[in-house]
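Fold and geometry: a report
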Amino acid sequence: MKLINKFKSPNFNTRRYKKISFIIIHYTALESCEKAISYLCDKKNKVSCHFLISQNGDVYNLVNLQYRAWHAGMSFWNDQHDLNSISIGIELDYSFNKLNDKYSKKMINSLIILIKKIKNKYKINNLNVLGHSDIAPFRKKDPGSKFPWNKLQNENISFKPKIIKNIDHNIIIRWFKKNKITSLKKISLFIFGYIGYDTFGLNNYRKSYRQLLLAYQSHYLQKNVSGKIDKVTFEFLINHFLNKLLTKS
Ligand SMILES: [Zn+2]
């Protein structure tokens, strides 16, 4: 992993909180790393990140970690609203342009090394290594359903729900129903909220619910990105819920 300190972004300010407890992963949606550097370092764009990783695995440090880089925008996770203040933002040189439309091996290897260093330094929980679409599901799609979350999970640097056997899901569903959480949609929204997603005020908006499902599936069910609360998604969610219930974090 080559760390490059040659380029710096003026787009940062003071963190509101001292403690850094999240890592947020993005893609640039720009056609090259050079373009991303100039975009992220241009004062008038008012955006930045702490690190940018190129297709060949070079890591650019654009904002000093002690400062609040501007990568998350309006965001929410588990009662936290200002994710920029408590996170480190990593951009990946990726777009849907043919020149950089793959998550290259070198890029992901550097990302893994970088996340390990950051996690170690700031004692960041696996649950808090997230994508931009997790913390802003109604606005953002990055890093998308092609991002190899499984590689991060296999390195044990990002959370993966374990399959919990011998628990009858019907017991959980009955418990929800007893508590007047009756439809699949209501149950899933309850679980999304419990996991950390922003679910406030979207009960009646089908579009937002779909975006929430897409964000979740793009992260955890990449072979099943349907935007629907289908059987696979619902079963996986119940299992995820049990994981959170049974794990102290
Ligand atoms: Zn982003």
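Remember, predicted model here, so these are calculated numbers, not experimental data. (Residues numbered from 1 in each chain as written. Predicted model: local features only at pLDDT ≥ 70, side-chain atom pairs only at ≥ 80, totals over all residues.)

Things to note about the overall build of the protein chain
Scanning the protein chain for helices and strands turns up 9 helices and 8 strands. Dimensions of the protein chain along its principal axes, counting C-alpha atoms only, are 60 × 35 × 35 Å. Looking at the protein chain residue by residue over its 249 residues, the buried ones come to 37%. Nonlocal contacts in the protein chain, meaning residues at least 24 apart in sequence, comprise 68% of its contacts between residues at least 6 apart. (Helix = DSSP H or I, 4+ residues; strand = E, 2+ residues; numbered from the N terminus. Buried ≥ 20, exposed ≤ 12 C-beta atoms within 10 Å, placed from the backbone. Contact = placed C-beta atoms within 7 Å.)

Some thoughts on the pairing of strand β3 (residues 22-27)
Extensive coverage of β3 is indicated by the burial of 6 of its 6 residues. Covered by surrounding structure in β3 are Phe22, Ile24 and His26 together with Ile23, Ile25 and Tyr27, the residues of both alternating faces. As judged from the 6 bridges shared by β3 and strand β7 (residues 87-92), these two strands associate in the parallel manner. Its bridge partner lying in β7, Ile25 is registered against Ile90. (Pairing = 2+ DSSP bridges.)

As for the domain arrangement of the protein chain
Taken domain by domain, the protein chain consists of domain 1 (2-154) and domain 2 (169-246). On the domain 2 side, the residues contacting the 11 residues of domain 1 number 11 residues. (Domains from an automatic or database assignment.)

Observations regarding the sheet that holds strand β5 (residues 58-61)
Strand order across the open sheet formed by 6 strands is β1-β5-β4-β7-β3-β8, with mixed pairing between neighbours. With partners counted over all chains shown, the strands left at the sheet margins are β1 (2-4) and β8 (129-131), one partner each. Put simply, the sheet's adjacent strands are angled 25° from each other on average, direction ignored. Of the strand pairs in this sheet, strand β4 (residues 51-53) and β5 are connected by 3 bridges, and their pairing is antiparallel. (Axes fitted to C-alpha atoms, helices over the stretch in contact; angles between N-to-C directions.)

Description of the nonpolar core
In terms of nonpolar packing, the biggest core is built from 40 residues, with Ile23, Ile24, Cys49, Leu52, Ile90, Leu92 and Ile135 touching the most fellow members. Contributions of two or more residues to this core are made by β3, α1 (33-40), β4, α2 (83-86), β7, α3 (105-122) and β8. The greatest single-element share of this core, amounting to 5 residues, is contributed by β3. Not counting residues up to four positions away in its chain, the partners in contact with Leu52 are Cys33, Ala36, Ile37, Leu40, Tyr60, Leu62, Glu91 and Asp93. (Core = buried A, V, L, I, M, F, W, Y, C linked by C-beta atoms within 7 Å.)

Topic: the environment of Ala136
Along the chain, Ala136 turns up in the loop between α4 (132-135) and α5 (149-154). You can call Ala136 buried: it has 22 C-beta atoms within 10 Å. Taking the C-alpha atoms as reference points, Ala136 and Met74, 62 residues apart in sequence, are found 6.9 Å from one another. Excluding anything up to four places from it in sequence, Ala136 contacts Ala72, Gly73, Met74 and Ser75.

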